[in-house]
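# Understanding the architecture of this molecule
So you can see what is in the structure, the chains are spelled out below.
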Amino acid sequence: MERLSISLQEELRQEVARRRTFAIISHPDAGKTTLTEKLLLYGGAIRLAGTVKGRKAAKFATSDWMEIEKQRGISVTSSVMQFDYKGHRVNILDTPGHQDFSEDTYRTLTAADSAVMLIDCAKGVEAQTKKLFQVCRKRGIPIFTFINKLDREGRDPFDLLEEIENVLGIRSVPMNWPIGMGKQFCGVYDRVKTRVELFDHAGDHSEIRVREVSGFEDPIIREIAGDHLADQLRDEMALIDVAGDPFDLDKVLAGELTPVFFGSAINNFGVQTFLENFLRLAPAPTPRNSTDGLIEPTNESFSGYVFKIQANMNPAHRDRLAFLRIVSGKFERGMSVRHVRAGKDIKLSQPQQFLAQDRDIIDTAYPGDIVGLFDPGIFRIGDSLCRTGRTLEFNELPTFSPELFSKVSIKNALKQKQFLKGIDQLTEEGTIQVFKTAGFEELVLGVVGQLQFEVLDYRMKHEYGVEIQLQRLPFQFARWLVGDKIDPSKFRINSQLVKDKKDNFVALFENEYAMRTAMEKNPDLQFLETAP
Ligand code: GDP
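Analysis parameters
All chains use their own residue numbering, which begins from 1 and follows the written sequence. Predicted model: local features are reported for residues with pLDDT of at least 70 only, side-chain atom pairs are reported and counted for 80 or more only, and whole-chain, interface and lining totals are derived from all residues. Hydrogens are left out, water is left out, and the side-chain values use all remaining heavy atoms of the structure. Nearness is defined per residue: one heavy atom within 4 Å of the molecule or strand is enough. N or O atoms within 3.5 Å of each other form a polar contact, as long as, within protein, one can give a hydrogen and the other can take it, and as long as residues adjacent in sequence are counted only when both atoms are side-chain atoms. Computed with the Shrake-Rupley method and a 1.4 Å probe, the accessible areas treat only the protein chains shown as cover for residues. Starting at the N terminus, helices and strands are each numbered in turn, a helix being any DSSP run of H or I of at least four residues and a strand any DSSP run of E of at least two. Each residue gets one of three labels, nonpolar for Ala, Val, Leu, Ile, Met, Phe, Trp, Tyr, Cys and Pro, charged for Asp, Glu, Lys and Arg, and polar for the others, Gly among them. Only protein chains enter the accessibility calculation, which uses a 1.4 Å probe; a residue is then buried when its area is under 20% of its type maximum, exposed when over 50%, and partly exposed in between. Note on definitions: a residue-residue contact is assigned when non-hydrogen atoms from the two residues lie within 4.5 Å. Two strands make a pair as long as DSSP finds a minimum of two bridges between them. In this analysis an axis means a line fitted to C-alpha atoms, helices contributing only their contacting stretch, and an angle means the value between N-to-C directions, from 0 to 180 degrees. Any angle between 65 and 115 degrees counts as roughly perpendicular, while under 35 counts as roughly parallel, over 145 as roughly antiparallel, and the rest as oblique. Think of a patch as exposed residues, more than 30% relative accessible area, with no salt bridge, where like charges cluster within 9 Å and nonpolar side chains (Val, Leu, Ile, Met, Phe, Trp, Tyr) cluster within 5 Å. Throughout this description, the term salt bridge denotes a Lys or Arg side-chain nitrogen within 4 Å of a carboxyl oxygen of Asp or Glu.

## Section: the site of the ligand
Taken together, 15 residues lie around the ligand, and Asp29, Lys32, Thr33, Thr34 and Ser264 are the ones closest in. In this structure, Lys149 approaches the ligand through a side-chain N or O atom, which is 3.1 Å from an oxygen atom. Side-chain polar atom of Ser264 to an oxygen atom of the ligand: 2.7 Å apart, as the coordinates give it. Taking 580 Å² as the accessible area of the ligand by itself, protein coverage stands at 78%. A per-element tally of the shell around the ligand places helix 2 (residues 32-42) first, with three residues. Here the shell around the ligand is built from residues that sort into four nonpolar, five polar and six charged.

## Describing the side chain of His88
In this fold, His88 is placed in strand 4 (residues 88-93). For His88, a relative accessible area of 17% corresponds to the buried category. Look past the residues within four positions of His88 in its chain and what remains in contact with it is Arg18, Arg20, Phe83 and Leu279.

## Notes on the sheet that holds strand 25 (residues 404-410)
Read from one edge of the open sheet, eight strands run 28-25-27-26-30-31-29-32, paired in antiparallel fashion. Edge strands, defined here as strands with exactly one partner in the open sheet, are strand 28 (468-473) and strand 32 (526-528). On average, each strand axis in the sheet is inclined to that of its neighbour by 40 degrees, with strand direction left out of account. In terms of strand pairing, strand 29 (residues 477-482) meets strand 32 through three bridges, oriented antiparallel. When the sheet's bridge partners are listed, Trp480 is paired in strand 32 with Leu528.

## Topic: the packing of helix 2 against helix 9 (residues 271-281)
Two packed helices can be described by the angle between their axes and the distance between those axes. At their nearest, the axes of helix 2 and helix 9 sit 10 Å apart, and the two run at 75 degrees to each other. Taken together, the axis directions place helix 2 and helix 9 in an arrangement best described as roughly perpendicular. Facing Leu35, Lys38, Leu39 and Tyr42 of helix 2, the residues of helix 9 in contact are Val271, Gln272 and Leu275. When grouped by side-chain class, the residues that make up the contact of helix 2 with helix 9 number five nonpolar, one polar and one charged.

## Topic: a nonpolar patch on the surface
There is a patch of nonpolar side chains on the surface, built from Phe247, Leu249 and Leu253 and spanning about 230 Å² of accessible area. Position of Leu249 among the secondary structure elements: in helix 8 (residues 249-253). Accessibility expressed as a relative area gives 36% for Leu249, which makes it partly exposed.

## Section: the pattern of salt bridges
One pass over the structure, following the stated rule, counts 30 salt bridges. One salt bridge connects Asp241 with Arg191, and the closest N-O pair in it is separated by 2.9 Å. With Asp241 in helix 7 (residues 220-243) and Arg191 in the loop between strand 9 (187-190) and strand 10 (195-198), this residue pair connects regions lying 50 residues apart in the sequence. The residue Asp235 makes a salt bridge to Arg234 at a minimum N-O spacing of 3.2 Å. The exposure class of Arg234 is partly exposed, given its relative accessible area of 28%. Here the residues in one salt-bridge network are Arg222, Asp227, Asp231, Arg234 and Asp235, joined through shared partners.

Structure, rendered in structure tokens:
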């Protein structure tokens, strides 16, 4: 027995150390799909859960559920991709990059141990990147930056770094530096390896081409780039050496400093260098907080939590998949685990990943991995699973403050029962938040992204047989009120008071001004962004 347990310990240590689980955060069009595809090319992709996006969505042509995705040409659901590279096992969590992202996007970030922030060099820090960054920030995970599309004219690199620092509030350290840009772009100076990685406007960059140099003042750079660009590089690097932040791994790991890489994903330029540095610097699967304290990944006792539920991937079976992030121990097909909330033991007999469209059954998985569990309706977002005999629960899944609101009603009053059942189940899944107006008992729904309304409409029709009517309300903010004396009359101007499922008072505001006024008028109340 003893020997067995030692070898499991060692197995876990090795498997954890070689894993990297991350998400790419970016604004639509920055090149996330392109970068993801290039990364997958470096390692033979072993598993693709869901789709990479767009073009690939065609593979789901048989699935009704993917209708919305096809119509809009975007990925509704986050998915997971796994590949091996030089001994590492890499899990990429895909987050929908479209405006219509949802709480799923945010939640997926809780399953990541680090993030790659992808920025278009012509556009800089954009709205969606900012939002996703804030979520990563709250968790304190390390963030690696890839500035993309250097083959096109973009903004001055200093400008971009300054924007990252000012808008996002994170320090940055360039790991390489562009020599020219757009038509003039001839490569990057690699500060880590003191070499120049050469860009060839006509080449395919399937192999890295480099020139070793002694430093950024090496005359070889003049040969490569000409006097003008060599002078510019020398001045810029000298400035960075003096005025820039030094590289500091502790700060990177604490999420206070982001290493920045320049490249061009579509040309496969700088991607391999980025990947190798990322694998070297990014953390292996990290511990998670639970009711039993911090759970280390090398803890032999199996545990994990459900961060996402995907419904009806295959309408013929009407089943759902619960995505489980493994936190500790070894996952084995057929194992019995404790479903803590349900208070019972269950057997995980059908864990799945996807290899393109076909389901691929996996036998073992380790901390940092994501497995899709066949869900006959027993899982909810946030559920914890652990070794039988234990009862620990993770508290990784924050709820997010809704930003879009609609009144919802049914077209056919006779369907009231199915309607309420549907709303009830979808709220439990975490798809939407539901509120009641005081007095009229009307239902108001709150979501993070517009797409969630469309998905709701679709699912109510197809899963519950109910046609609903949604009427958008002008509110933008929800604040949970905590305090003794809540006076509804003070929430009448550009705002509305509603109650959540647990009868907490929630004030909805049309704008920040209305919210601030209400706060001033009610100094005794607390205004919380999420339910207390
Ligand atoms: P996503 O919306 O972030 O997934 O972006 P895509 O990967 O779909 O890329 C958006 C557009 O940018 C596509 O037309 C890509 O071909 C293009 N693109 C991606 N990377 C680069 C790059 O390095 N240089 C240039 N010029 N275009 C790029």
